[in-house]
Structure formats: C-alpha cells, structure tokens
Amino acid sequence: MKDSYSYSYSSKAAYFFLAPAVIAIFIFFFIPVISAFIMSFTDFDIYALGNFDTVRFIGLRNYVQLFEDPLFWQSLQNTAYYVVLATPLSITVSLGAAILLNSKLIKYIGFFRLSYFIPYITTLVAVAIVWRFIYHPKFGILNYFLGLFGVNPIDWLGDPNLAMPAIVLMSVWKTFGYNMIIFLAGLQNIPEDLYEAASLEGANEWQKFKAITIPMLAPTTLFVSIITIVSYFQLFAEPYIMTQGGPLNKTLSIVGYMYQEGFRWWNMGYSASISFVLFFIIMVVTILQFKLQKNRLA
Amino acid sequence: MYRSPNDCIRQLFTICFPLFTGLFFISLFIILISCSSRDKEVTVIKFWAMGTEAEYVTKLVPEFEKQNPGITVDVQQIPWNAAQEKLVTAFASDNTPDICQLGNTWIPQFSSLNAIIRLDDFIAESKVIKKKNYFAGVWDTNIMDSSVYGIPWYIDTRIMFYRADIFREAGYENPPRTWHELKELCKKIKALYPGKDKYAIYLPTNEWNPFIIFALENGATLLKDNNSRGNFSSQKFKEAFNFLTNFHREKLAPLGISQVTNVYQAFVEEYFSIYISGPWNINEFKKWMTGDMANKWSTAPMPSKAEDHYPGVSLAGGSSLVIFKDSKHKDESWKFIEYLSQTSTQLEFYHLLYNLPAVKEAWKDSSLANNKYMKAFREQFENVVATPKVPEWEQIAFAKVQQYAEIVIRGALTVDQALADLDKDVDKILEKRRWLLSREKEKE
C-alpha cells in the first residue's frame with residue numbers, strides 16, 4: 001500500500017521536475033527548428049526584417065541555388081577536410097592519453113587527468129585568442145621553438161595550405177580531454193581477468209591491446225567518434241576568431257558560411273537552407289557509422 | 001543510511017524552496033531600487049560606439065554632462081567586426097540604443113530596415129549642424145531618398161601611401177597625377193629591381209576599394225536600372241578593371257596576398273612602393289617607418305584619368321551618428337550629436353584618436369593644416385563619392401567584386417568572362433530589389 005502510493009507520487013514528481021526542461025526544449029529547440037525549416041523555403045532577408053510583407057515562398061530555390069554555389073562547395077570541402085584530419089587524430093590522442101592514465105605505472109593520475117581535461121572546459125574564444133598568439137608569425141612561441149631548430153618563421157594562419165591544419169591542431173588539443181575521460185571509463189569497464197587470462201597464454205602487451213582493448217572499447221569508440229564527428233562538422237568559433245574564414249576562404253566552414261550568409265548579409269532563408277543541408281549530412285554520417293559498427297559486430 | 005526517493009524529494013524541497021523564494025525577493029528588490037532611481041529625472045542616453053572610438057569618446061562625455069545637467073550618456077563598446085550583426089540583432093529584438101555610430105556605407109541598410117530616423121527637421125533648426133559645414137561627398141553618403149539619416153562624425157577616404165625615396169630613384173620628384181603617369185612610374189620602379197621579387201604597387205584582392213575607385217574615376221555606373229542590376233560589363237568599368245588588373249599581369253603588382261603578411265613590413269622592405277589605403281594607417285606607417293626611414297614616405301591624392309580633373313575620385317568613408325526610431329530621448333540624443341559635431345569637440349576627438357574630423361572648420365586648425373600627411377587627405381575629400389546606396393552593396397563588394405578580381409588576376413577567366421559572370425551573380429543578389437521595385441510600381 002505504501003509502496004504504490006510513493007510510486008505514483010514520485011512519478012508525478014518526476015513529471016513535475018521534468019516539465020521545465022521539456023517546456024524549455026519545446027520553446028527553445030523545436031519551435032526554432034520548425035521555423036527555420038519553414039524559413040528555408042522563403043527568401044527571408046534584410047528587407048523582410050524591416051517589413052514582413054516582403055517575404056516570399058520560393059519553394060526549393062534556396063536549395064537549388066546552394067548546389068550551384070561555389071562557395072558552398074568550398075566550405076563543404078573545408079569542413080570535410082577538417083573532419084577527416086581531426087577526428088582520427090583526436091581519437092588516437094585521447095585513446096593514447098586514456099591508456100597512459102589507466103596504466104598502473106603513473107603517479108599523480110589525478111593531476112594529469114585534470115590537466116588534460118582543463119583545455120576542454122576553458123572557453124573556446126579565450127583559447128582561440130591565445131592560440132592566435134601562439135601561431136603569430138613574428139612573436140608566436142611556436143615559431144620561436146621551431147626557430148631554435150633553424151626553421152624559418154611560418155605564417156601558420158596566413159598560409160592557405162597551413163591554416164586549416166593549424167586549426168586542427170588547436171581543436172584536437174582543446175577537445176581530446178573530453179574523449180579521454182570517456183575512453184578512461186570504457187577502459188575501466190574491461191574485466192581485469194581477460195588480461196590475466198591473456199597473460200597466462202603468453203600474449204604480449206601489443207597483442208593484448210589488439211585482441212582485448214580495441215574490441216572491448218568498440219562501443220565506446222563508436223560513441224566517441226559519433227560525437228566527435230558531429231561536433232567537428234559544426235566547426236565555427238575557431239576559424240571565426242582566428243582567421244575569419246580566410247585566407248582565400250580556406251578555413252570557411254559550413255557553419256561559418258551559414259553565419260556569414262545569415263548574419264553578415266542577412267539572407268536568413270538561404271542560411272536556413274544551409275543549416276538543413278548540414279543537418280542532413282550529419283544524419284547520414286551517423287547512420288553510416290551505426291551501420292558499419294553493426295556489420296562489424298555481427 | 002537508506003533514503004527513500006520520497007525523502008530525497010522532500011529534502012530537495014526544503015532546500016530549494018527558501019532558496020528560490022529568497023532569490024525571487026532579492027531580484028524584486030533590485031528591480032524596485034533601479035526603478036525608483038529613475039524618478040530623479042535623469043535622462044540616460046544609450047550610445048553604442050565601436051572599438052577604440054568607444055573607448056575614447058567616454059573622455060568627451062563628462063563635458064557634455066556638465067553642460068547639460070539631467071542628461072547622462074551611457075557609452076557601450078561593440079567590437080567592429082561584429083558590429084553589424086549586433087545592431088541588426090538588436091533591431092530584430094527591439095533592443096536598439098538611442099544613438100549609434102554607423103559606418104556610412106551601412107546607412108542604406110538601416111534606413112531600409114526603417115530602424116533609424118530622418119534628421120531633416122533637427123538639422124533645419126540646428127545652429128551647429130549645417131550641410132555646408134561638411135564635405136559634399138561625405139554628406140551625400142548619409143542621404144537616402146533625399147532625406148538625411150546620419151551626421152558625419154569622423155571621415156576617411158583612400159589615397160596613395162608612397163615611398164618618396166623610391167620615386168626619386170625612379171626619376172619622379174612628385175607623385176603621379178594621372179593614370180598614365182602612374183603606369184609609367186610603376187614600370188620605372190619595377191625596372192629598379194631587375195630579376196628581383198619586388199613590385200611597384202600593392203593591389204590586394206581582399207580589398208575591393210581600389211577596383212571601385214578606379215572604375216568611378218573612369219565614370220562607370222556600377223549598378224543600372226535604378227540600382228537593380230549589375231553594370232560591371234559596361235565599357236567604362238571594363239576599361240578601369242583592365243587598367244588595374246594589368247598591373248598584376250605586367251608583374252608591377254604582386255599576385256598573391258598571402259606573401260604579404262605584414263603590409264608595413266613589406267613597405268619598409270620595398271616589396272612595393274605604392275599602397276592605396278586610408279587615414280587609419282597613418283600611425284601604423286609612422287610606427288614602422290622610423291629612424292632614417294621616417295622621411296622616406298608620404299601621401300598623395302588619387303591620380304585622375306584626365307590631366308585637368310586632379311585629384312581623381314575616391315570613396316567617401318567614415319562613420320556617422322544616427323538616432324534609432326525606438327529611442328525615447330530623441331531630443332536629448334540630438335543634443336549629444338550636436339555636441340560631438342562642434343568644431344572644438346571634433347578637434348579634441350582628433351587629438352585623442354587621430355580620426356579625421358568631419359567638420360570642415362576643424363581642418364583649419366594648425367594640427368591638421370600643418371600636417372604633411374594630412375594635406376593629401378584634405379585635397380582628396382573635395383572629390384569623394386558614395387558607393388551605390390542599396391543594402392546589398394556590402395555583399396556585392398566584399399563577396400563578389402573581390403572574388404572576381406582574384407579570379408581575373410590568377411588568370412582563371414578573361415576580363416570579359418569574369419565581368420559577365422560578376423553581373424550575373426550581382427543580378428541574383430539584386431533579384432529581391434527588382435521584385436520590390438516592380439511591386440511598388442504596380443501600387444502606383
């Protein structure tokens with residue numbers, strides 16, 4: 001009797017406590033997404049901001065125009081380049097760091113875990129500004145170190161071929177701490193007896209890593225790679241602060257282009273259509289990853 | 001100790017309830033206090049200014065507040081590179097300030113948004129602000145449909161920064177006055193460095209301004225049909241565009257922009273000897289050209305196409321002060337604009353920041369009249385014009401003109417093809433404008 005009472009009471013309480021979040025998500029997420037979707041079929045622009053009367057429904061014209069837009073393809077290419085370069089790098093670095101921190105040889109694990117995680121919780125804008133100094137061709141510390149080895153000053157952010165790799169380097173440093181923590185949790189869930197059994201069979205460290213650690217971490221790796229790819233596809237603040245999309249639009253990301261069209265030129269309709277193309281791409285990539293993972297497990 | 005979920009919730013309530021009620025009353029109290037302080041009849045004008053201007057204009061505020069008891073000015077700084085975003089967002093959310101500093105090329109956007117007010121009635125009654133006090137070209141940038149929307153605060157334009165010592169070496173005592181002379185001079189400068197990676201003039205493709213300046217000097221109309229279509233394949237524009245891109249083709253100007261990471265350094269190293277830029281660079285050049293270099297550079301107005309029209313045309317730039325439609329203190333705001341437009345305040349601001357005063361009278365002051373770098377600017381301001389006054393102009397200039405200039409310079413398209421494509425792109429951008437114009441016509 002008492003049990004059923006407390007059950008219904010707590011479920012009501014649960015709804016009560018959930019309500020603010022649900023309402024907030026509805027107002028601040030679903031409504032904007034739906035209106036952006038509608039907006040992507042209109043030519044909402046600066047004239048429309050002044051006088052709503054001037055909005056026209058133009059069907060798929062934004063999307064058609066988008067696929068003819070060289071700058072859109074350029075930004076897509078840049079973003080793909082960034083994702084392809086940064087994702088494996090980030091996963092490797094964070095897995096490596098996690099394995100190091102999980103080993104029993106290292107002292108002061110708490111300190112290292114914290115110091116690897118600090119970049120992740122630091123404000124991105126502040127980090128980007130600091131890294132702009134690090135990359136400075138004349139006064140940057142990176143060129144100073146390279147100079148000790150006789151390397152001529154390199155204009156990291158000003159060279160069209162180097163700007164994106166420079167941004168990759170920075171954002172990997174910034175985000176690997178988060179993935180590392182997830183990997184660490186995954187590593188700690190691997191039963192110790194598996195390793196013990198392998199040791200008894202005479203497996204060396206590398207064989208153990210290949211045969212136990214990697215397969216046991218597969219679900220963790222899937223999760224990490226999805227969130228990493230999804231977040232990397234939304235690359236924006238790093239180039240916005242560090243290069244403004246330049247040089248020669250080589251660091252202009254899809255989100256950067258969306259922002260430029262939307263908030264620089266006020267082509268909100270066009271900008272909304274870019275966001276839905278991005279949404280579609282991320283969705284396809286995620287589904288692909290799930291499929292791949294399932295095939296491998298089966 | 002085991003705790004039932006029930007206990008947890010109860011505990012949560014006992015903690016949260018007093019906390020939230022407490023917060024609620026504290027915030028209510030704060031709101032009440034801030035409301036009652038308004039009763040003292042102090043009018044607060046919100047003034048949004050950009051970058052360093054905001055920093056320095058605060059030094060001019062105390063004097064204004066002393067002269068006008070009962071008005072205080074609240075200056076807020078917004079960064080230049082996010083200014084436009086911030087302003088339009090503020091407009092969309094009804095959070096606009098009373099006064100704002102606007103780049104004068106933005107006036108068309110904000111007047112077509114219907115966000116800023118016409119100032120004609122204020123000007124008619126003003127003892128301080130009169131049309132004749134300003135350079136005609138600059139004043140014109142603030143006019144839309146024959147109404148004034150902004151008062152010039154400080155002004156700028158683009159002129160030539162040049163290496164006088166290199167000019168002399170090339171056999172020129174004076175800066176070039178015509179296009180023809182400019183070209184000849186550049187050839188001679190290039191000939192000073194046979195086989196070396198040095199150039200005469202710097203015309204980077206991430207600056208659209210020179211391409212437009214030379215076209216305007218050639219008499220080109222940039223947009224046609226009531227500013228609703230691109231007119232870049234017109235003979236006049238093509239001629240100027242060709243003239244300018246030939247500097248790149250004949251290796252008188254460097255091709256890429258990534259080689260020049262620091263314009264000033266490159267200027268010091270004679271990588272190029274002419275650079276078309278504005279007054280904001282005077283101090284930078286002074287900083288870099290030190291020691292015996294200090295006397296080796298100077299400024300000159302833009303060359304003209306024909307001998308008898310010197311100086312050639314340049315662009316009317318700068319910032320204006322505007323009043324927003326939703327302002328509740330328009331009269332007080334106008335008073336502040338008048339204060340900033342007094343000759344003495346204009347000069348004071350010049351001394352603080354070296355922003356060139358918009359009021360002509362201020363230029364008679366010795367600090368400007370005797371400054372050798374300013375002479376060229378003074379001359380140039382007599383022949384400055386506005387860019388096409390349509391909200392889409394910024395996008396056309398920054399996104400399209402620059403893009404096609406680069407394509408041509410890199411040889412990916414011929415001038416004819418590129419300008420035809422440019423027109424096509426611009427027509428696309430202006431499609432909405434054509435539709436609006438045709439709709440207006442139907443109404444009539």
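Residues numbered from 1 in each chain as written. Chains lettered and ligands numbered in written order. Predicted model: local features only at pLDDT ≥ 70, side-chain atom pairs only at ≥ 80, totals over all residues.

**Quick look at the overall build of chain B**
Okay, so step 1: Secondary structure assignment for chain B yields 20 helices and 16 strands.
Okay, so step 2: Long-range contacts, defined here as pairs at least 24 residues apart, represent 75% of the contacts in chain B between residues at least 6 apart. (Helix = DSSP H or I, 4+ residues; strand = E, 2+ residues; numbered from the N terminus. Contact = placed C-beta atoms within 7 Å.)

**Thoughts on helix α18 (residues 393–409) of chain B**
All names here are of chain B.
Okay, so step 1: Along its 17 residues, α18 runs 22 Å from first to last C-alpha, staying within 8% of the 24 Å computed at 1.5 Å per residue.
Okay, so step 2: The axis of α18 is deflected most strongly, by about 25°, at V401.
Okay, so step 3: Taken together, the buried positions of α18 are occupied by W393, E394, Q395, I396, K400, V401, Y404, A405, V408 and I409.
Okay, so step 4: For α18, the secondary structure elements touched by its buried residues are α5 (107–112), α10 (209–217), α11 (235–249) and α19 (415–429).
Okay, so step 5: After α18 finishes, the residue G411 shows a positive phi value of roughly 75°. (Expected span 1.5 Å × (residues − 1). Bend = angle between axes of the 7 residues up to and from the residue. Buried ≥ 20, exposed ≤ 12 C-beta atoms within 10 Å, placed from the backbone.)

**Looking at unusual backbone geometry**
Residues and elements named next belong to chain B.
Okay, so step 1: Cis geometry marks the peptide bond from Y310 to P311, where omega comes out at -5°.
Okay, so step 2: Looking at where P311 falls in the secondary structure, it is placed in the loop between β12 (297–300) and β13 (314–315).
Okay, so step 3: Residue D145 is not a glycine yet carries a positive backbone phi of 45°.
Okay, so step 4: Among the structural elements, D145 can be located in the loop between β4 (143–144) and β5 (147–148).
Okay, so step 5: When the 9 C-beta atoms within 10 Å are taken as the criterion, D145 is described as exposed.
Okay, so step 6: Although it is not a glycine, D225 sits at a positive phi angle of roughly 50°.

**Details of the domain arrangement of chain B**
All names here are of chain B.
Okay, so step 1: Partitioning chain B into structural domains gives domain 1 (43–155 + 317–370) and domain 2 (159–315 + 388–443).
Okay, so step 2: Taking only C-alpha atoms, the centre of domain 1 and the centre of domain 2 are 29 Å apart.
Okay, so step 3: Across the contact, eight residues belong to domain 1 and 10 residues belong to domain 2.
Okay, so step 4: Among the elements that take part in the side of domain 1 that touches domain 2, α5 stands out by supplying three residues, more than any other.
Okay, so step 5: In the side of domain 1 that touches domain 2, the residues fall into four nonpolar, four polar and no charged. (Domains from an automatic or database assignment. Nonpolar A, V, L, I, M, F, W, Y, C, P; charged D, E, K, R; others polar.)

**A few points about the environment of L340 of chain B**
Residues and elements named next belong to chain B.
Okay, so step 1: Note that L340 resides in helix α14 (residues 330–341).
Okay, so step 2: When the C-alpha atoms of L340 and E63 are compared, they prove to be 11 Å apart, with 277 residues separating the residues in sequence.
Okay, so step 3: Contact partners of L340, with chain neighbours within four places excluded, come to W153, L321 and T345.

**Overview of the nonpolar core**
All names here are of chain B.
Okay, so step 1: Counting residues in hydrophobic clusters, the biggest one holds 121 residues, and the most contacted among them are V138, A200, I201, F211, I212 and A215.
Okay, so step 2: Considering each element in turn, this core owes the most residues, seven residues, to α18.
Okay, so step 3: Both domain 1 (43–155 + 317–370) and domain 2 (159–315 + 388–443) contribute no fewer than three residues apiece to this core.
Okay, so step 4: Contact partners of V138, with chain neighbours within four places excluded, come to P152, I155, A316, G318, A358, F381 and V384. (Core = buried A, V, L, I, M, F, W, Y, C linked by C-beta atoms within 7 Å.)

**A closer look at the environment of A316 of chain B**
All names here are of chain B.
Okay, so step 1: Inspection of the secondary structure assignment puts A316 in the loop between β13 and β14 (317–323).
Okay, so step 2: A316 sits in the buried class, given 26 other C-beta atoms within 10 Å.
Okay, so step 3: Residues A316 and F381 lie 65 residues apart in sequence; the distance between their C-alpha atoms is 7.6 Å.

**Overview of the confidence of the model for chain B**
Okay, so step 1: Confidence in the prediction for chain B averages 89 pLDDT; 90% of positions are at 70 or higher.
Okay, so step 2: Across the whole predicted complex the pTM is 0.81, and at the interface the ipTM reaches 0.74. (pLDDT = per-residue confidence, 0-100.)

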